[in-house]
Amino acid sequence: MPLIKNRYGKGRVRVMRIHRDGGRHEVSQLNIKAMIEGDFARAYTGADNSTSVSTDTIKNVVNIVARENTGLCTEEFCQVLAKKYLDSYPQVVSVAITAHETKWSRLSFGGEPHPHSFILDSNGKPTVDVSATRDGSAMASGIDGFTFMKSTQSGWENYFNDRYTTIPPTHDRMAATSMVASWKWSGKPSSYPATNAKILATLLEVFSTTYSSSVQDSLYRMGEAALAAVPEISEISMACPNMHFILMNLSAFGLDNNNEVFLPTDEPHGQIECTVGRG
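Residues numbered from 1 in each chain as written. Predicted model: local features only at pLDDT ≥ 70, side-chain atom pairs only at ≥ 80, totals over all residues. Heavy atoms only, no water.

Colleague: Explain the packing of helix α4 (residues 192–209) against helix α5 (residues 215–229) to me, please; I cannot follow it from the model alone.
Modeller: Geometrically, a packed helix pair is captured by the angle between its two axes and the distance between the axes. With their axes 9 Å apart at the nearest point, α4 and α5 run at an angle of 140 degrees to one another. On the basis of their axis angle, the class for α4 and α5 is oblique. In the crossing of α4 with α5, the sense of the turn from one axis to the other is right-handed. Touching K198, I199, T202, L203, V206 and F207 of α4 are R221, M222, G223, A225, A226 and A229, all from α5. For the contact of α4 with α5, a count of residues per class yields eight nonpolar, two polar and two charged. (Axes fitted to C-alpha atoms, helices over the stretch in contact; angles between N-to-C directions. Helix = DSSP H or I, 4+ residues; strand = E, 2+ residues; numbered from the N terminus. Parallel < 35°, antiparallel > 145°, perpendicular 65-115°, else oblique. Left-handed = near helix turned anticlockwise from the far one by under 90°. Contact = heavy atoms within 4.5 Å. Nonpolar A, V, L, I, M, F, W, Y, C, P; charged D, E, K, R; others polar.)

Colleague: Got a minute to help me understand the packing of aromatic side chains in this structure?
Modeller: Applying the stated criterion across every chain, the model contains five aromatic pairs. Summarising the aromatic geometry, the rings of F146 and F148 are spaced 5.9 Å apart at their centres and angled 45 degrees between planes, so their arrangement reads as tilted. Of the two residues, F146 and F148, neither departs from the other in class, the shared state being buried. With 5.0 Å between their ring centres and 85 degrees between their planes, W185 and Y192 make a pair best called edge-to-face. Each member of the pair W185 and Y192 is classed as buried. An aromatic cluster is present here, built from F146, F148 and F207 joined pairwise through their rings. Looking at R17, its charged tip hangs above the ring of F77, at a distance of 4.5 Å from the centre. (Phe/Tyr/Trp six-rings, centres within 6.5 Å; stacked < 30°, edge-to-face > 60°. Buried < 20%, exposed > 50% of the residue type's maximum accessible area, 1.4 Å probe, protein only. Lys NZ or Arg CZ within 6 Å of the ring centre and 35° of its normal.)

Colleague: Explanation requested: the layout of surface pockets in the structure shown.
Modeller: By rolling a water-sized probe across the atoms, one finds the places where empty space is left. Approximately 770 Å³ is the volume found for the largest pocket. At the level of secondary structure, the elements contributing two or more residues to the lining of the largest pocket comprise β1 (8–21), β2 (24–38), α3 (74–88), β3 (92–109), β4 (112–121), β5 (125–133), β6 (136–150) and α4. Taken together, the residues of the lining of the largest pocket break down into 13 nonpolar, ten polar and seven charged. There is about 670 Å³ of room inside the second largest pocket. (1 Å grid on protein atoms, 1.4 Å probe; cavity = no way out; pocket = protein on both sides within 12 Å on 5 of 7 lines; lining within 4 Å. Points joined across faces, edges and corners; volume = space filled by probe spheres on them.)

Colleague: When you look at the nonpolar core in this model, what are you seeing that I'm missing?
Modeller: As a rule of thumb, soluble globular proteins bury nonpolar side chains together. Counting 56 residues, the largest nonpolar core has I32, L81, Y85, I97, M179, M222 and I236 as the members making the most contacts within it. Aside from chain neighbours lying at most four places away, what touches I236 is S182, W183, I199, L203, G223, A226, L227, C274, T275 and V276. (Core = buried A, V, L, I, M, F, W, Y, C linked by side-chain atoms within 4.5 Å.)

Colleague: How should the pairing of strand β7 (residues 175–185) be read in this particular structure?
Modeller: By the bridge criterion, ten bridges tie β6 to β7 in an arrangement that is antiparallel. Opposite D144, over in β7, you have V180 as the bridge partner. (Pairing = 2+ DSSP bridges.)

Colleague: Where do I start with unusual backbone geometry in this structure?
Modeller: Among all residues save glycine, negative phi is the norm, and among peptide bonds the norm is trans. Phi is positive for A47, which is not a glycine, with a value near 55 degrees. Assignment of secondary structure puts A47 in the loop between α1 (41–45) and α2 (55–68). Within the chain, N158 stands out as a residue other than glycine whose phi angle is a positive 60 degrees.

Below you can see the structure in the form of structure tokens.
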């Protein structure tokens, strides 16, 4: 029976890089998954490990590249890491690198940024995915679990109704989500971190400052705006699970409730996804 496909590697390789620029430090904490494909079939079908690179070695390479490249942003670091595997092991045909970043924000005291003290920023983890062969590479950046909301200027009306429909229409509801988004690079920006921040700021501005006829409506317009703002990306994908807030019925207590008291719930949730690209 043929071995149709195989790959292997190391997951959850955690590394913290500190780049020291005099007394000022920059920190980058990453969780790396490095997967390789190539001439490894004989390990599966013939009990022959002679071409197989140990997964412990794959982990060691992450730490070596981290030590040699403390100042690179995550996108550039992942590209260098993928190239290191291809350059070091001729039996490797392709490499897939996935990185999730734990964000640390610099503390400030008396209006002055502190050179080496930080606080954990827990809203969303930046992500990078690199796929590389000796012929070229593709890369996408994004963010996982980035949570945001608005307390009004969102509605859900004029939708398809049948005998199974029970939800009432509304033109004034809360809208909240924990978004997973990624964007594919077609060109190199002057700064990956600054451009990623611009994309995220553009998405949030559209969401926050315009009326949402639905999550679908907002996502498409957010994608359009991101592509217009950043010519170096070719498409953007967003997946947004609804975080529902159910209006509490307080009539039993002689109280009205004019969209002021809600029950937060995230199960079950609506799952809205789309990809917006250039024509």
